[in-house]
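# Inside the fold
What follows is each chain in one-letter form.
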Amino acid sequence: FPIQEGARYQVREVDVEGDLRMPREQLIEKLSTKPKTWFNRSSMAADIKTLTKIYNNLGYAYVDVEPKSQVNDKHDFVDIKFKINEGRKVSIERVDIAGNERTRGKVIRRAVEVVEGDLYNADRFDGTKKNLEAMDFFEAVRLKTAPGSRPDLMNVTVEVMEKKTGSLTAGLGYSSQDGAMGNVDLKERNLLGLGIMANAKANISG
């Protein structure tokens, strides 16, 4: 695979423009792309995600962050500017639960941080997913979004895929003192779909 690397470019200036909801310097401070460092496309992609999440947490669910780079081939430097178009603020209209054949809806809703009527918040979406995964009742957890009844409203569906939460173990043995012995151990981490952990154990011997 022949590789021709070309010139190496250094970042000269980093800036943001457009809809600024906090001081420019504060936004630039949060970026991983810094002046006097080598241009890195992965860092620029990470900065787009960083800015997007900042605005998501302010309620701007459909913010658009467009990177613009101006290259100076003569001196091998590049100026980078992120243009932010915040769009409109979005509130949560409805939160639905899907895929729970066994686990009660109220058990799942206790772990859901996304609340109807609140502004869209990316951290609460992440928190909801982590809370549900930590319960260890589900093989997969997904949060799906869909347009609401108005452009500034959004519907959320918390979709789960349940997994087996119970286990049964049994054993047999024999000793000269007690004779035949047996034991049964039954464990259930989601009893009756209520999120209750139960354990029953029996030992029998002569």
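Definitions and limits used
- Residues numbered from 1 in each chain as written.
- Predicted model: local features only at pLDDT ≥ 70, side-chain atom pairs only at ≥ 80, totals over all residues.
- Heavy atoms only, no water.
- Pairing = 2+ DSSP bridges.
- Helix = DSSP H or I, 4+ residues; strand = E, 2+ residues; numbered from the N terminus.
- Core = buried A, V, L, I, M, F, W, Y, C linked by side-chain atoms within 4.5 Å.
- Buried < 20%, exposed > 50% of the residue type's maximum accessible area, 1.4 Å probe, protein only.
- Contact = heavy atoms within 4.5 Å.
- Expected span 1.5 Å × (residues − 1).
- Polar contact = N/O pair within 3.5 Å; in protein donor to acceptor, adjacent residues only side chain to side chain.
- Phe/Tyr/Trp six-rings, centres within 6.5 Å; stacked < 30°, edge-to-face > 60°.
- pLDDT = per-residue confidence, 0-100.

### Quick look at the pairing of strand β6 (residues 153-162)
Direction of pairing for strand β4 (residues 91-98) relative to β6: parallel, over a ladder of seven bridges. Among the inter-strand pairings, Ile 97 is bridged to a residue of β6, identified as Val 158. As paired elements, strand β5 (residues 138-147) and β6 share nine bridges and run antiparallel to each other. Across the sheet, residue Lys 144 finds its bridge partner in β6, namely Thr 157. Hairpin remark: β5 followed by β6, antiparallel, with five residues in the connecting loop.

### Looking at the nonpolar core
In this structure, Ile 92, Tyr 120, Leu 132, Phe 138 and Met 154 are the most contacted members of the largest nonpolar core, which totals 21 residues. Those elements giving two or more residues to this core turn out to be β4, α3 (105-109), α4 (122-135), β5 and β6. Once you skip the residues sitting within four places of it in the chain, Tyr 120 turns out to touch Asn 56, Asn 57, Leu 58, Gly 59, Ala 61, Val 90, Ser 91, Ile 92, Phe 125 and Met 154. Core analysis: the next-biggest nonpolar cluster, separate from the first, contains 17 residues, Leu 27, Val 65, Ile 80 and Phe 82 among them.

### Some remarks on helix α2 (residues 41-56)
For α2, which comprises 16 residues, the first-to-last C-alpha distance of 23 Å matches the rise-based estimate of 22 Å (1.5 Å per residue) to within 8%. Among the residues of α2, Met 44, Asp 47, Leu 51, Ile 54, Tyr 55 and Asn 56 are the ones counted as buried. Along its buried surface, α2 packs onto β1 (10-18), α1 (24-29), β2 (64-72), β3 (77-85) and α4. Among the residues of α2, the N-terminal cap falls to Asn 40, whose side-chain oxygen and the backbone nitrogen of Ser 42 are separated by 2.8 Å.

### Quick word on α4
For α4, with 14 residues, the first-to-last C-alpha span of 21 Å sits near the 20 Å given by 1.5 Å per residue. The residue sitting at the N-terminus of α4 and contributing the capping side-chain oxygen is Asn 121; that oxygen lies 2.9 Å from the backbone nitrogen of Asp 123. Once α4 finishes, Asp 136 follows within two positions and takes phi at roughly 60°, a positive value.

### Quick notes on the packing of aromatic side chains
Within this structure, the stated rule accounts for three aromatic pairs. For the ring pair Tyr 120 and Phe 125, a centre distance of 4.9 Å and an interplane angle of 45° mean the geometry is tilted. Taken as a pair, Tyr 120 and Phe 125 share a single burial class, namely buried. Arranged with centres 6.1 Å apart and planes meeting at 75°, the rings of Phe 137 and Phe 138 form a pair that is edge-to-face. In this pair, the class of Phe 137 matches that of Phe 138, namely buried.

### Structural notes on the confidence of the model for the protein
For the protein, the mean per-residue pLDDT works out to 94, and 100% of the residues sit at or above 70. Across the protein, element-level confidence peaks in β3 with a mean pLDDT of 97 and bottoms out in strand β7 (residues 166-175) with 89.

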